[in-house]
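# Coordinates in review
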Amino acid sequence: MFKLLSGFQRHFLIVFILCCSCTSSFAQVSHKFRGVSLSLYDQKIGNTDLDKDYLYRSMAISISQKQRLFSLPIIAITAELQTQLGVTNVSEQRNSGVQIKGIETAILVGLNLELSLLPKYWWIYVGGSIGPQFISNTPQRQNDGFVFSDSVYAGSRIKAGIRSQLDLKAGFRHQSNAGISQPNGGINSLFISVGVLSLIKR
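Scoring rules and cut-offs
- Residues numbered from 1 in each chain as written.
- Predicted model: local features only at pLDDT ≥ 70, side-chain atom pairs only at ≥ 80, totals over all residues.
- Heavy atoms only, no water.
- Helix = DSSP H or I, 4+ residues; strand = E, 2+ residues; numbered from the N terminus.
- Polar contact = N/O pair within 3.5 Å; in protein donor to acceptor, adjacent residues only side chain to side chain.
- Contact = heavy atoms within 4.5 Å.
- Core = buried A, V, L, I, M, F, W, Y, C linked by side-chain atoms within 4.5 Å.
- Buried < 20%, exposed > 50% of the residue type's maximum accessible area, 1.4 Å probe, protein only.
- pLDDT = per-residue confidence, 0-100.
- Pairing = 2+ DSSP bridges.
- Axes fitted to C-alpha atoms, helices over the stretch in contact; angles between N-to-C directions.
- Phe/Tyr/Trp six-rings, centres within 6.5 Å; stacked < 30°, edge-to-face > 60°.
- Lys NZ or Arg CZ within 6 Å of the ring centre and 35° of its normal.

## Description of the side chain of Ser-58
Looking at where Ser-58 falls in the secondary structure, it is placed in strand 4 (residues 55-71). A polar atom in the side chain of Ser-58 sits 2.9 Å from the side chain of Glu-104. Excluding residues within four positions of it along the chain, Ser-58 makes contact with Ser-39, Leu-40, Tyr-41, Gly-86, Val-87, Thr-88, Glu-104 and Arg-173.

## Some points on the nonpolar core
With 6 residues, the main nonpolar core is built from Tyr-54, Tyr-56, Val-90, Ile-135, Val-147 and Ile-187. Each residue touching Val-90, except ones within four places of it in the same chain, is listed here: Leu-55, Tyr-56, Val-98, Gln-99, Ile-100, Asn-137, Thr-138 and Pro-139.

## Describing the confidence of the model for the chain
In the predicted model, the chain carries a mean pLDDT of 86, and the fraction of residues at 70 or more is 84%. Within the model, pLDDT remains below 50 along residues 1-5, and this stretch shows 6 contacts once partners closer than five positions in the same chain are excluded. Counting contacts from residues 21-31, a segment whose pLDDT is below 50, to residues more than four positions away or on other chains yields 19 contacts.

## Here we look at the sheet that holds strand 8 (residues 145-159)
Taken in spatial order, the 8 strands line up as 1-4-5-6-7-8-9-10 and close into a barrel, and their pairing is antiparallel. The mean inter-strand angle of the sheet, taken between neighbouring strand axes irrespective of direction, is 25°. When strand 9 (residues 164-176) meets strand 10 (residues 187-199), the two strands line up antiparallel, connected through 12 bridges. Within the sheet, the bridge partner assigned to Leu-166 lies in strand 10 and is Val-196.

## Concerning the packing of aromatic side chains
Summed over the entire model, instances satisfying the criterion amount to 3 aromatic pairs. Ring geometry for Tyr-41 versus Phe-191: centroids 5.1 Å apart, planes at 35°, classification tilted. Separated by 150 residues along the polypeptide, Tyr-41 in strand 1 (residues 33-42) and Phe-191 in strand 10 bring together distant segments of the chain. Accessibility expressed as a relative area gives 4% for Tyr-41, which makes it buried. Overall, the relative accessible area of 4% leaves Phe-191 in the buried class. Between the aromatic rings of Tyr-125 and Tyr-153, the centroid separation amounts to 6.3 Å while the plane-to-plane angle is 80°, which identifies the pairing as edge-to-face. With a gap of 28 residues between them, Tyr-125 in strand 7 (residues 122-135) and Tyr-153 in strand 8 connect regions that are remote in the sequence. Each of the two residues, Tyr-125 as well as Tyr-153, counts as buried. When the ring centre of Tyr-125 is taken as origin, the NZ or CZ atom of Lys-66, which lies over that ring, is 5.3 Å away.

## Considering the pairing of strand 6 (residues 100-118)
Both strand 5 (residues 75-91) and strand 6 contribute to a ladder of 16 bridges, which runs antiparallel. By the bridge assignment for strand 6, Ala-79 is matched with Leu-111. In terms of strand pairing, strand 6 meets strand 7 through 12 bridges, oriented antiparallel. Bridge pairing links Leu-111 to Gly-128 in strand 7. Here strand 6 hands over to strand 7 after 3 residues, with Lys-120 in that stretch at a positive phi of 75°.

## A short note on the pairing of strand 7
Judged from the 14 bridges that link them, strand 7 and strand 8 form a sheet pairing that is antiparallel. Residue pairing in the sheet places Trp-123 in a bridge with Arg-157 of strand 8.

## Considerations on the environment of Val-36
Structurally, Val-36 can be placed in strand 1. Considering only alpha carbons, one finds Val-36 and Val-194, 158 residues apart in sequence, at a separation of 8.7 Å.

## Here's the deal with the side chain of Glu-104
Assignment of secondary structure puts Glu-104 in strand 6. For Glu-104, a relative accessible area of 1% gives the class buried. Here the side chain of Glu-104 touches Gln-175 through a polar contact of 3.5 Å, side chain to side chain.

Here you go:
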């Protein structure tokens, strides 16, 4: 089966497996939270619009591990390692019927500042993440291939069971390659994410 894949598909599969391995290793060290989430990235979500002519829409699934670095009774700082795999729709014009399918994969490192509104039941947080990403198709303003993905976001975690939490998040993402290759106009997206976290035993 591996031989049937194109060169690009083989490289993509290898990168994603390595990313998952890194995330699994982090879990063995952290022994805190493991999660899975589904995210939508677009230039327009609901009534919020970045007013961009191009379309770069992604539906991505993420596997994450979270480690609490510092904690007070109601405030905590949490590190996060995330592996992400997404399917994209790309077009030079948002309203055009012509869209190109693509894929993206990333490994991201984040830092969150959390506030407990109801101890052990409800948390809110703000944070940011950054990491390398590989994208197969892009609008003409951005060269495809290797880029950096950085995000800022706000979210909320709500207790949903003895060892589980519902994780809701919304934010802004920027993708570009730091001038490594041209064109490098960047891709900006809004995103929303819904996930579930599970407490890992020590």
